[in-house]
Amino acid sequence: MRLATFNLLHGRSLSDGTVHADRVRAAVADLDADVLGLQEVDRAQPRSGHLDLTALAADALGAPAHRFAAAVVGTPGQTWQPWHAEADAAHPQYGIALVSRFPVQRWQITELPGAPIRSPVLTPDEGLLLLKDEPRVLLAAVLETPHGLLSVGTTHLSFVPGWNVRQLRHAVRAMRALPAPRVLLGDLNMPAGPVRAFTGWRPLARAATFPSTWPRTQLDHVLADPRGAAALGRVVQVRTPHPPVSDHRPLVVRIDR
């Protein structure tokens, strides 16, 4: 079984700043993941050609089960508001997604409120800006794998130090309501040491994932809840390929039983 997490940067290439469906499809197909957590995912956004990046990723992996969870309606960095209801689906959205080759028994979405303060963020185009933090979500699913049930969640936490710890603890509590074994995939915006210290969950891989051109730190993680983790099997391979899109490298973990 291959588990992967990938911050897509809405499919944008750092080489030319554009989004092309074929490049995104190729980057995702190369992961060959059975379960994939995606962050910074666009749906119907003008900046990404109105693509449904979740459906595109599912098609690239031949995965019949997939779901997108919006965090905001509008365009991050411009005009947006928190996602409220399915009626917002008529507008551009931005959030996270989970894609699975295994059938899904049930889905669970947990809201993770954004930080109540503006924080400095270094942007590639406009330098240092004080930005309002976006709300976040945890998207989880109970999967029916050949070896039994597996609960997998994905999330993209705040860049605000301390607040992301609060969100992470909230996400872990929500995951614990699902059957073991449990795995959390995502861009947690903090390195592996603090992640393990604040959750007690075990990193299945230690590898730098950011920035993609010359990775120096690990922001992207595959974590296992120690309760029931023995049923997962052992890690036999870890990959951080360098795709043609995003400022993050994907993290791919292969597990064997």
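1. Topic: the packing of helix H1 (residues 21-29) against helix H2 (residues 53-61)
Here's step 1: Across the interface, H1 lies against H2 with an axial gap of 8 Å and an inter-helix angle of 50°. It follows that H1 is oblique to H2 by the angle criterion. As H1 packs across H2, the resulting crossing turns out to be right-handed. Contacts between H1 and H2 involve Ala-21, Val-24, Arg-25, Val-28 and Ala-29 from the former and Leu-53, Leu-56, Ala-57, Asp-59, Ala-60 and Leu-61 from the latter.

2. Section: the nonpolar core
Here's step 1: Residues Phe-6, Val-24, Leu-36, Leu-38 and Val-99 are the most contacted members of the largest nonpolar core, which totals 25 residues.
Here's step 2: Of all the secondary-structure elements, those providing two or more residues to this core are strand E1 (2-7), H1, strand E2 (35-43), H2, strand E3 (65-74) and strand E5 (93-100).
Here's step 3: With 6 residues, H2 is the largest single contributor of residues to this core.
Here's step 4: Those residues in contact with Phe-6 that lie beyond four places of it in its chain are Ala-27, Leu-31, Leu-36, Gly-37, Leu-38, Gln-39, Pro-243, Val-245, Ser-246, His-248 and Pro-250.
Here's step 5: Ile-96, Leu-150, Val-183 and Val-253 belong to the second-largest nonpolar core, a separate cluster that totals 24 residues.

3. Structural notes on the environment of Pro-76
Here's step 1: Mapping Pro-76 onto the fold places it in the loop between E3 and strand E4 (80-82).
Here's step 2: Placed 17 residues apart in sequence, Pro-76 and Gln-93 show a C-alpha to C-alpha distance of 9.1 Å.

4. Things to note about the side chain of Arg-182
Here's step 1: Relative to the elements of secondary structure, Arg-182 occurs in strand E11 (residues 182-187).
Here's step 2: Here the side chain of Arg-182 touches Met-175 through a polar contact of 3.4 Å, landing on its backbone oxygen.
Here's step 3: The contacts of Arg-182, once residues within four sequence positions are left out, are Ser-151, Met-175, Arg-176, Trp-201, Leu-223, Ala-224, Asp-225 and Arg-227.

5. Quick word on the pattern of salt bridges
Here's step 1: Taken as a whole and assessed by the stated rule, the structure comprises 12 salt bridges.
Here's step 2: A salt bridge links Asp-133 to Arg-136; its shortest N-O distance comes to 3.0 Å. Each member of the pair, Asp-133 together with Arg-136, is buried.

6. Observations regarding the side chain of Asp-133
Here's step 1: When you line up the elements, Asp-133 lands in the loop between strand E8 (127-132) and strand E9 (136-145).
Here's step 2: A polar atom in the side chain of Asp-133 sits 2.8 Å from the backbone nitrogen of Ala-115.
Here's step 3: Polar contacts involving the side chain of Asp-133 include one to the side chain of Ser-158, which spans 2.8 Å.

7. Some points on the environment of Leu-150
Here's step 1: Looking at the secondary structure, you find Leu-150 in strand E10 (residues 148-156).
Here's step 2: Since its relative accessible area comes to 2%, Leu-150 is described here as buried.
Here's step 3: The spacing of Leu-150 and Met-175 is 25 residues in sequence and 11 Å in space, taken between C-alpha atoms.
Here's step 4: Not counting the four nearest positions on each side in its chain, Leu-150 is found in contact with Met-1, Ala-141, Val-142, Leu-143, Thr-145, Pro-181, Val-183 and Leu-232.

8. Points about the sheet that holds E10
The strands that make up a sheet pair up through hydrogen bonds in the backbone, lying either parallel or antiparallel.
Here's step 1: Taken in spatial order, the 6 strands line up as E6-E9-E10-E11-E13-E12 in an open sheet, and their pairing is mixed. Looking at strand neighbours, the two that pair on one side only are strand E6 (104-112) and strand E12 (202-203), the edges of this open sheet.
Here's step 2: In this sheet, strand E13 (residues 220-224) lies alongside E12 in antiparallel orientation, the contact comprising 2 bridges. Paired with Arg-202 across the strands is Ala-224, a residue of E13.
Here's step 3: On the sheet, helix H3 (residues 163-175) packs against E6, E9, E10 and E11 and is oriented at approximately 150° with respect to E6.

9. Brief notes about the pairing of strand E15 (residues 251-256)
Here's step 1: Examined bridge by bridge, E1 and E15 share 4 bridges and lie antiparallel to one another. Residue pairing for E15: Thr-5 is matched across the bridge by Leu-251.
Here's step 2: Pairing geometry for strand E14 (residues 234-239) and E15, over 5 bridges, is antiparallel. Residue pairing in the sheet places Val-235 in a bridge with Ile-255 of E15.

Quick notes on the rules
- Residues numbered from 1 in each chain as written.
- Predicted model: local features only at pLDDT ≥ 70, side-chain atom pairs only at ≥ 80, totals over all residues.
- Heavy atoms only, no water.
- Axes fitted to C-alpha atoms, helices over the stretch in contact; angles between N-to-C directions.
- Helix = DSSP H or I, 4+ residues; strand = E, 2+ residues; numbered from the N terminus.
- Parallel < 35°, antiparallel > 145°, perpendicular 65-115°, else oblique.
- Left-handed = near helix turned anticlockwise from the far one by under 90°.
- Contact = heavy atoms within 4.5 Å.
- Core = buried A, V, L, I, M, F, W, Y, C linked by side-chain atoms within 4.5 Å.
- Buried < 20%, exposed > 50% of the residue type's maximum accessible area, 1.4 Å probe, protein only.
- Polar contact = N/O pair within 3.5 Å; in protein donor to acceptor, adjacent residues only side chain to side chain.
- Salt bridge = Lys/Arg side-chain N within 4 Å of Asp/Glu carboxyl O.
- Pairing = 2+ DSSP bridges.

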